[in-house]
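Report on the structure
Read off the chains here:
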Amino acid sequence: MTDREQQIIDAIHADPLISQQQLADLIGISRSAVASHITNLTAKGIIEGRGYLIAPEKFCVAIGGANMDILGKPEQSISAGTSNPGTVSNSPGGVARNIAENIARLGDKCYLIAAVGDDNSGKQLIELSRSAGVDTSQMITITGQSTSTYLSIVDAAGEMQLAIADMTIIDQLQPALLKKQLSLLKQAQVIVLDTNISIELMSFLFENLPDTDFFVDTVSVVKSIKIKDFLHSVHSLKPNLLEAQALSGIKVADHSQLPKVANWFHQQGVKRLFISLGKQGLFYSDGRLQQLVSLQASDVQNSNGAGDAMTAALVHCHLAATPALKSCYFALAAANCAIATQATINPELSIANISKLLSNCD
């Protein structure tokens, strides 16, 4: 939304019966310009019906991990058992937190519900997330606990070789702490979960929010198993191939077997499946349409943030009612944008830059 459009919305909120001429006089632009802005706002779904009714704001909520990321990258190939010259950087991370920031950078409102400690890292996480556009008003600070830390080592090409996650604080994120957020959660168009959260919390959320569209990022092979008993409640699932195999029990020798895996997930109740295949693209299935979509990346600096950007882009497309295949290409372009920087999240991620990437691939 442009600054001028926001001025018009603010004026309409103050006086829903205000005329276009009154809006023009108030803002200091012509009546025809106001009419043009009103038309654009109506097309975007922000204004609906007659009398300038403001459509309820769409928003999503991300629930799961939030931590400080420490990334090490060698200058050349990694030599085991010795020190490797390279660079070490720090940035805010965590799957749910990263997804929330990427969603915010794509222009959608996203609340983050995550647990942090009352240490400097926790305060820094909240502030950095807020400054990136995430609504941190629902984050939970646990007294006396340390904020999660994620240490990863990538090779000179940016591919992850090893990671250690210290995320014990997330065990404190239990149903009792989220009961007061139920009212907010019931109004969300999408709730994004990562499988860092406990089975108890998953059960609580699915039981209390049966009509909500849940997007689930499976995080890792070990943690993905936690969602298995709740697949019937999942609208959209985004595993990688290893996680999809672990959940389904189906080994994939080649891409011709991906529909078999997808059909298993649909039998469990998953409406839409997005299997991330790394450099080979994204396999999409909704039970009717099944297709492998690919988009070549021109620059790889750090592959860690690709999945988070992909999930965020899929949420954005769902909120915008974007067709399935267009959503897949948009998500792949978001992932390519993410890996083009050494940081886990590319600060240049935006709809405009993703559209530019897609146009260059036409």
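Below you will find a few notes about this structure. Bear in mind the structure is a predicted one, so any value in this text is a computation, not a measurement. (Residues numbered from 1 in each chain as written. Predicted model: local features only at pLDDT ≥ 70, side-chain atom pairs only at ≥ 80, totals over all residues. Heavy atoms only, no water.)

From N to C terminus, the protein includes 14 helices and 16 strands. For 362 residues, the compact-globule estimate of 2.2 N^0.38 gives 21 Å, and the protein sits close to it at 22 Å. Here the C-alpha coordinates of the protein stretch approximately 75 × 50 × 45 Å along the principal axes. Within the span of the protein, comprising 362 residues, buried residues form 49% of the whole. Considering only contacts in the protein between residues 6 or more positions apart, those separated by 24 or more positions represent 65%. Total accessible area on the protein is roughly 16900 Å²; 50% of this is exposed by carbon and sulfur atoms. Across the protein, the mean location of the 26 positive side-chain charges is 4 Å away from that of the 33 negative side-chain charges. (Helix = DSSP H or I, 4+ residues; strand = E, 2+ residues; numbered from the N terminus. Rg over C-alpha atoms; globule rule 2.2 N^0.38 Å. Buried < 20%, exposed > 50% of the residue type's maximum accessible area, 1.4 Å probe, protein only. Contact = heavy atoms within 4.5 Å. Areas by Shrake-Rupley, 256 points an atom, 1.4 Å probe, with all protein chains shown as cover. Lys, Arg positive; Asp, Glu negative; His and termini not counted. Charge placed at Lys NZ, Arg CZ, Asp CG, Glu CD.)

Attention now moves to the nonpolar core. Ile103, Leu112, Val192 and Val315 are the most contacted members of the largest nonpolar core, which totals 49 residues. Contributing elements (two or more residues each) for this core: strand E3 (59-63), helix H4 (95-105), strand E6 (109-113), helix H5 (120-131), strand E11 (190-194), strand E15 (282-285), helix H12 (306-319) and helix H13 (324-338). Here this core gets ten residues from one element, more than from any other, and that element is H13. With near-sequence residues (within four places) excluded, Ile103 lies in contact with Cys60, Asp108, Cys110, Val192, Ala312 and Val315. (Core = buried A, V, L, I, M, F, W, Y, C linked by side-chain atoms within 4.5 Å.)

A rise of 1.5 Å per residue sets the reference length of helix H1 (residues 3-14), with its twelve residues, at 16 Å; its end C-alpha atoms lie 17 Å apart and thus fit the reference within 8%. Where H1 is concerned, the buried positions are Glu5, Ile8, Ile9, Ala11 and Ile12. Each buried residue of H1 sits inside an arc of 160° when the element is viewed along its axis, so together they form one side. Turned more than 90 degrees away from the buried face of H1, the exposed residues are Asp3, His13 and Ala14. (Expected span 1.5 Å × (residues − 1). Arc of directions from axis to C-beta.)

Spatial strand order, E5-E4-E9-E10: four strands in an open sheet with mixed pairing. The open sheet terminates on both sides in strands that have one partner only, identified here as strand E5 (86-93) and strand E10 (160-166). Across the sheet, the mean angle separating the axes of adjacent strands is 15° when strand polarity is ignored. Pairing of strand E4 (residues 67-74) with E5, which is carried by eight bridges, proceeds in the antiparallel orientation. Looking at E5, one finds that Pro74 is bridged to Gly86. The strands touched by H5 are E4 and E5; relative to E4, the strand with the most contacts, the crossing angle is about 90°. (Pairing = 2+ DSSP bridges. Axes fitted to C-alpha atoms, helices over the stretch in contact; angles between N-to-C directions.)

This part takes up the sheet that holds strand E12 (residues 213-217). Read across the open sheet, the eight strands follow the order E6-E3-E11-E12-E13-E14-E15-E16; overall the sheet is mixed. In this open sheet, the two edge strands, each paired with only one partner strand, are E6 and strand E16 (290-293). Strand-to-strand twist of the sheet, defined as the mean angle between neighbouring strand axes without regard to direction, takes the value 15°. Pairing of E12 with strand E13 (residues 236-238) involves three bridges; the strand directions are parallel.

Take the environment of Ser285 next. With respect to the secondary-structure elements, Ser285 resides in strand E15. Among the residues examined, Ser285 registers a relative accessible area of 0% and is labelled buried. C-alpha separation for the pair Ser285 and Gln296, spaced eleven residues apart in sequence, amounts to 21 Å. Polar side-chain contacts of Ser285 include one of 3.3 Å to the backbone nitrogen of Gly287. (Polar contact = N/O pair within 3.5 Å; in protein donor to acceptor, adjacent residues only side chain to side chain.)

Before going further, it helps to spend a moment on the pairing of E16. Looking at chain direction, E15 and E16 are connected through four bridges and run antiparallel. Within the sheet, the bridge partner assigned to Tyr284 lies in E16 and is Gln291. Where E15 folds back on E16, the antiparallel hairpin that results is connected by four residues, among which Gly287 adopts a positive phi of roughly 95°.

This brings us to the pattern of salt bridges. Per the stated rule, a full pass over the model turns up five salt bridges. One salt bridge connects Arg97 with Glu101, and the closest N-O pair in it is separated by 2.7 Å. You can see Arg97 and its partner Glu101 sitting in helix H4, four residues apart, about one turn around the helix. There is no split in this pair, since Arg97 and Glu101 are both buried. As a salt-bridge pair, Arg130 and Glu127 come within 2.8 Å of each other at their nearest N and O atoms. With a gap of three residues between them, Arg130 and Glu127 both fall in helix H5, about one helical turn apart. Overall, Arg130 belongs to the partly exposed group, its relative accessible area being 43%. In this structure, a network of salt bridges that share partners links the residues Arg97, Glu101 and Arg105. (Salt bridge = Lys/Arg side-chain N within 4 Å of Asp/Glu carboxyl O.)

What follows concerns the environment of Ser183. Along the chain, the position of Ser183 falls in helix H7 (residues 182-187). Taking relative accessible area as the criterion, Ser183 reaches 49% and is therefore assigned partly exposed. Sequence separation between Ser183 and Gly307 is 124 residues; the distance between their C-alpha atoms is 29 Å.

Moving on: the pairing of E11. Within E11, five of the five residues are buried, which leaves it mostly tucked inside the rest of the structure. As paired strands, E3 and E11 are joined by four bridges and run parallel to one another. In the strand pairing of E11, Ile63 is matched with Leu193. One crossover worth recording links E11 to the parallel E12 by way of helix H8 (residues 199-208), and it is right-handed. (Right-handed = clockwise from strand over helix to strand, strands pointing away.)

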